[in-house]
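Okay, here's what each chain looks like letter by letter:
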Amino acid sequence: MAVFPNSGLPRCLLTLILLQLPKLDSAPFDVIGPPEPILAVVGEDAELPCRLSPNASAEHLELRWFRKKVSPAVLVHRDGREQEAEQMPEYRGRATLVQDGIAEGRVALRICGVRVSDDGEYTCFFREDGSYEEALVHLKVAALGSDPHISMQVQENGEIWLECTSVGWYPEPQVQWRTSKGEKFPSTSESRNPDEEGLFTVAASVIIRDTSVKNVSCYIQNLLLGQEKEVEIFIPASSLPRLTPWIVAVAVILMVLGLLTIGSIFFTWRLYNERSRERRNEFSSKERLLEELKWKKATLHAVDVTLDPDTAHPHLFLYEDSKSVRLEDSRQKLPEKPERFDSWPCVLGRETFTSGRHYWEVEVGDRTDWAIGVCKENVMKKGFDPMTPENGFWAVELYGNGYWALTPLRTPLPLAGPPRQVGIFLDYESGDISFYNMNDGSHIYTFSNISFSGPLRPFFCLWSCGKKPLTICPIADGPEGVTVIANAQDLSKEIPLSPIGEDCASADADTLHSKLIPTQPSQGAP
């Protein structure tokens, strides 16, 4: 049978997207991957094979290679061609399908110019109509670094300090010092630091006190490749001098002069920084004032947002007031409707906007894995269409440790700090959708110059299960706050600068749980 992934992505998400799809049945075929991990060297090409069992043509099947998330994927092959729009940006132009044996059910994912970031697990997923199977393939990446280099210094007490350095290793290598007689001794200190590409730079030092030692070698080993590199240095007897008193005196004088010079430079640098900081603060104050004015203008158009149960994915459990929802591993028995999401764990707001300006706030707290924003009322709710403006979605996302705007290539958002409450402002006539960090009223991102046509609706999506809530805040003098269950911050904490609700999430987890609709017994997808 197929091998299912066991990655760091929460189990409930993979169960949600693959194992619990309502229309998928057991496939009449198995997918088989290699029994052992595939080893690849950085900069070279790697092929990850998988095949159908029994052997049968895979030309008419949908083939998807992915890592932690089903979409965007490493590679998608459907209808006889690769679907570039569904491909992760980092694999475009690098990942191709080897389909020489596709008529016999044998394919392979070729990754050109392997990088350290390619190391890990890949899932080979075949689907035919309502049937699917998958297999797990592990790629191990290795790199053999540069030839080691040894530098030598003579200490004041006559001891010899040696440092062995090398760059470009992966995974972390082992370092060993040896004498000419084969005697091994440990390093005094070692460091292994990755560069921007993930390759490790190694530095290991040792102190030689035995004057009888004449030759020392440094060995650096890559255990994954089973290879090593060596360099040897000769220590001449003249390298062990004894310092005379006048040398020590000169060294002390030079040290004092150096300290005075450093002190003068530091004082000048500090004075310059203080003046620069004053000018920056003056400029930043003006910018913050402008952002605050824009935000306060947006809050004048606050609306009360509720959730539409007819659009909610079966793994999303709504509160009885239709203003709260949580993501669970279990699946509800719900009537099949064309407006209900069946693949992405999403739900829409009940309100539709065809003109004017509208503003609402969502409490995200300290949880991870969510997406919020605005979408067209008629977006595709069946299948795995990418959530991009071309498909009618305008949203921002927190996934893993990064914040993103869901543009076609996903735009990273370098925020000063994690927002605990997000404000969303829709200006229909101007074609703008803006997001604000309500911790300080700062701007997060704006989708601008959009030509809207037709109704728009609030949009929410949860990627992982959790007990803490994500809250849709109430408008001023309006009804109580709405909650979307996920990993949020402490509910009793008051959110600063919130003009809509004074206490957006005042109830504790037990109180919220007591308001849930009684659910039918959980069951998986058929």
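Residues numbered from 1 in each chain as written. Predicted model: local features only at pLDDT ≥ 70, side-chain atom pairs only at ≥ 80, totals over all residues. Heavy atoms only, no water.

By the naming in an unreviewed UniProt entry, the chain goes by RING-type E3 ubiquitin transferase and is assigned to Macaca mulatta. Of the chain, the UniProt comment under Catalytic activity (unreviewed entry) reads exactly: "S-ubiquitinyl-[E2 ubiquitin-conjugating enzyme]-L-cysteine + [acceptor protein]-L-lysine = [E2 ubiquitin-conjugating enzyme]-L-cysteine + N(6)-ubiquitinyl-[acceptor protein]-L-lysine." (UniProt positions renumbered as here; feature names shortened; annotations may be inferred.)

**Q** Kindly report on the overall build of the chain, identifying the contributing residues and their values.
**A** Counting its regular elements, the chain contains 3 helices and 33 strands. A burial count over the chain gives 47% of its 526 residues as buried. A separation of at least 24 residues holds for 63% of the contacts in the chain among residues at least 6 apart in sequence. (Helix = DSSP H or I, 4+ residues; strand = E, 2+ residues; numbered from the N terminus. Buried < 20%, exposed > 50% of the residue type's maximum accessible area, 1.4 Å probe, protein only. Contact = heavy atoms within 4.5 Å.)

**Q** Lay out unusual backbone geometry in plain terms, naming residues and giving numbers.
**A** Note the cis peptide between Ser71 and Pro72, where omega equals 0 degrees. Assignment of secondary structure puts Pro72 in the loop between strand S5 (62-66) and strand S6 (75-78). The omega torsion of the bond from Tyr170 to Pro171 falls at -10 degrees, within 30 degrees of zero and hence cis. Residue position: Pro171 is located in the loop between strand S13 (160-169) and strand S14 (174-179). Notably, Asp369 is not glycine yet its phi reads approximately 65 degrees, a positive angle.

**Q** I'd like a description of the sheet that holds strand S15 (residues 184-185), backed by residues and values.
**A** Strand order in the open sheet formed by 4 strands is S15-S14-S18-S19, with antiparallel pairing between adjacent strands. Each edge of the open sheet is held by one strand with a lone partner, namely S15 and strand S19 (227-234). The sheet contact formed by S14 and strand S18 (residues 215-222) spans 6 bridges and is antiparallel. Looking at S18, one finds that Gln176 is bridged to Tyr219. (Pairing = 2+ DSSP bridges.)

**Q** Describe the packing of aromatic side chains, naming the residues involved and giving the relevant values.
**A** By the definition in use, this model includes 13 aromatic pairs. When the centroid spacing of 6.3 Å and the interplanar angle of 75 degrees are considered together, the rings of Phe435 and Phe447 count as edge-to-face. Remark: Phe447 occurs in strand S30 (residues 442-447) and Phe435 occurs in strand S29 (residues 432-437); sequence separation between them is 12 residues. One exposure class covers both Phe435 and Phe447, and it is buried. (Phe/Tyr/Trp six-rings, centres within 6.5 Å; stacked < 30°, edge-to-face > 60°.)

**Q** Explain the sheet that holds strand S27 (residues 411-412) to me, using residue names and the numbers behind them.
**A** Remark on secondary structure: sheet strands pair via backbone hydrogen bonds, oriented parallel or antiparallel. The 6 strands are arranged S22-S31-S24-S25-S26-S27 in an open sheet whose pairing can be described as antiparallel. The outermost strands of the open sheet, each flanked by one partner alone, are strand S22 (346-348) and S27. Taken together, the 7 bridges between strand S24 (residues 370-376) and strand S31 (residues 456-462) define a ladder with antiparallel strand orientation. Paired with Gly373 across the strands is Phe459, a residue of S31.

**Q** A description of the UniProt feature "transmembrane region" (unreviewed entry) in the chain should follow, citing residues and the corresponding values.
**A** When the UniProt feature table is mapped to this numbering, "transmembrane region" (unreviewed entry) covers residues 246-272. Regarding residues 246-272, the helix share stands at 100% and the strand share at 0%, and the terminal C-alpha atoms are separated by 39 Å.

**Q** Provide a residue-level description of empty space enclosed by the protein, including the pertinent values.
**A** Counting across every chain of the model gives 1 cavity of 30 Å³ or more. In this structure, the largest cavity encloses a volume near 40 Å³. Residue lining of the largest cavity: Trp370, Val396, Glu397, Tyr403, Leu413, Leu415, Pro419, Val422 and Ile444, and that is the complete set. Looking at the lining of the largest cavity residue by residue, the class counts come to 8 nonpolar, no polar and 1 charged. (1 Å grid on protein atoms, 1.4 Å probe; cavity = no way out; pocket = protein on both sides within 12 Å on 5 of 7 lines; lining within 4 Å. Points joined across faces, edges and corners; volume = space filled by probe spheres on them. Nonpolar A, V, L, I, M, F, W, Y, C, P; charged D, E, K, R; others polar.)

**Q** Explain the state of the cysteines residue by residue, including any values.
**A** Within this structure, the stated rule accounts for 2 disulfides. The disulfide partner of Cys164 is Cys218, and the gap between their sulfur atoms is 2.1 Å. Because the torsion about its S-S bond is -85 degrees, the bridge between Cys164 and Cys218 counts as left-handed. You can see Cys164 sitting in strand S13 and its partner Cys218 sitting in strand S18, a full 54 residues away along the chain. By relative accessible area, Cys164 is classed as buried at 1%. Free of any disulfide, Cys375 has its nearest neighbouring cysteine sulfur in Cys346, separated by 8.4 Å. Residue Cys375 is classed as buried on the basis of its relative accessible area of 0%. (Disulfide = S-S within 2.5 Å.)

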